[in-house]
Amino acid sequence: MPSKESWSGHKANRSAVRNSKQESRQQDLLIAALGMKLGTQKSSVTIWQPLKLFAYSQLTSLVRRATLKENEHIPKYEKVHNFKVHTFRGPHWCEYCANFMWGLIAQGVKCAGLNSEGLYRVSGFSDLIEDVKMAFDRDGEKADISVNMYEDINIITGALKLYFRDLPIPLITYDAYPKFIESAKTTDPDEQLEILHEALKLLPPAHCETLRYLMAHLKRVTLHEKENLMSAENLGIVFGPTLMRAPELDAMAALNDIRYQRLVVEMLIKNEDILF
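For clarity, every value in this text was computed on a predicted model and none was experimentally measured.

**Digging into the overall build of the protein**
So, point 1. A count of helical and extended segments in the protein gives 13 helices and 3 strands.
So, point 2. Per-residue burial over the protein gives 39% buried out of 276 residues.
So, point 3. Contacts in the protein between residues at least 24 apart in sequence constitute 69% of all its contacts with a sequence separation of at least 6.
So, point 4. For the protein, the computed accessible surface area is about 16500 Å², with 55% contributed by carbon and sulfur atoms.

**What to know about the environment of Met230**
So, point 1. Position of Met230 among the secondary structure elements: in the loop between α9 (225–228) and α10 (232–243).
So, point 2. Residues Met230 and Leu218 lie 12 residues apart in sequence; the distance between their C-alpha atoms is 9.4 Å.
So, point 3. Ignoring any residue separated from it by four or fewer positions in sequence, one finds Met230 in contact with Gly118, Leu119, Arg121, Val221, Thr222, Glu225, Leu235 and Val238.

**A short note on the environment of Ser231**
So, point 1. Secondary-structure assignment places Ser231 in the loop between α9 and α10.
So, point 2. With residues near it in sequence (within four places) discarded, Ser231 still touches Thr222 and Glu225.

**Quick look at the packing of helix α6 (residues 177–185) against helix α12 (residues 258–270)**
So, point 1. Packing of α6 against α12 leaves a shortest axis separation of 8 Å and a crossing angle of 85 degrees. By the angle between their axes, α6 is roughly perpendicular relative to α12. Residues Tyr177, Phe180, Ile181, Ser183, Ala184 and Lys185 of α6 form the contact with α12, whose own contacting residues are Tyr260, Gln261, Leu263, Val264, Met267 and Leu268.
So, point 2. Its residues assigned to classes, the contact of α6 with α12 shows 9 nonpolar, 2 polar and 1 charged.

**Brief notes about a nonpolar patch on the surface**
So, point 1. Taken together, the side chains of Met252, Leu255 and Ile258 present a nonpolar region at the surface, about 300 Å² in accessible area.
So, point 2. Note that Ile258 resides in helix α12.

**Focus on the nonpolar core**
So, point 1. Phe180, Leu211 and Leu268 are the most contacted members of the largest nonpolar core, which totals 54 residues.
So, point 2. Contributing elements (two or more residues each) for this core: α4 (126–139), α5 (153–166), α6, α7 (189–201), α8 (205–222), α10, α12 and α13 (272–275).
So, point 3. Of all the elements, α5 adds the most residues to this core, at 8 residues.
So, point 4. The residues touching Leu268, leaving out its near neighbours within four places in the chain, are Ile172, Phe180, Leu196, Leu200, Leu211, Met215, Leu275 and Phe276.

Conventions used here
- Residues numbered from 1 in each chain as written.
- Predicted model: local features only at pLDDT ≥ 70, side-chain atom pairs only at ≥ 80, totals over all residues.
- Heavy atoms only, no water.
- Helix = DSSP H or I, 4+ residues; strand = E, 2+ residues; numbered from the N terminus.
- Buried < 20%, exposed > 50% of the residue type's maximum accessible area, 1.4 Å probe, protein only.
- Contact = heavy atoms within 4.5 Å.
- Areas by Shrake-Rupley, 256 points an atom, 1.4 Å probe, with all protein chains shown as cover.
- Axes fitted to C-alpha atoms, helices over the stretch in contact; angles between N-to-C directions.
- Parallel < 35°, antiparallel > 145°, perpendicular 65-115°, else oblique.
- Nonpolar A, V, L, I, M, F, W, Y, C, P; charged D, E, K, R; others polar.
- Patch = residues over 30% accessible without salt bridge, like charges linked within 9 Å, V, L, I, M, F, W, Y side chains within 5 Å.
- Salt bridge = Lys/Arg side-chain N within 4 Å of Asp/Glu carboxyl O.
- Core = buried A, V, L, I, M, F, W, Y, C linked by side-chain atoms within 4.5 Å.

Structure (structure tokens):
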């Protein structure tokens, strides 16, 4: 009669054999799905061919997007900026990097009123928007834009849009503009992201960092789309012409670029986690 030890060993061997057979079957399915060697049954290759093509396209897309994430991102500032606010219309100067800062990094993007319907699309009262502008001119970062001062969130969003429109150099600079438009004209989604990634490298660090903050904020806005009705597409319509302007003076060419400007901002919002 077999001992207890030999019986336990026999059970372990049988379990190992079953696991080995199961792994072998899983590997055979994976090999078949990817269209590798299947033996002599030629019909199986034909059956699995569509799945192979689909799997290959999905794997290729994942690899390309993962590569973008692993690539070197735009360098972040290592020191705290020392902002000096001149005027709302004028630049915000940083003594550390001797570059023009466009204010939003210093002031922060406020996320109040995310559930407000038509956020950034609905206009606020122009006189109160002018008050916010004067408050920033006078007090800089200490300007009070709390709900106690301005109950209507559209006044704050209107001031933010006005700020970007009034910049002497757009947030997406004239030099980088053609590359961003090129990405919007490309039909392949993965190639679009690759071109956008290259376009972001053309921006000055201050501009890119501000754009990163803004896109993170707008992505949070889209997470409340059911309440505020502001999708990435709708925000692209609002912010496209606000953040980028055509360097050419040709009015017709600038008009034609509006749809591509919308697409650029829409792609930046949707892929904020990959691109930044």
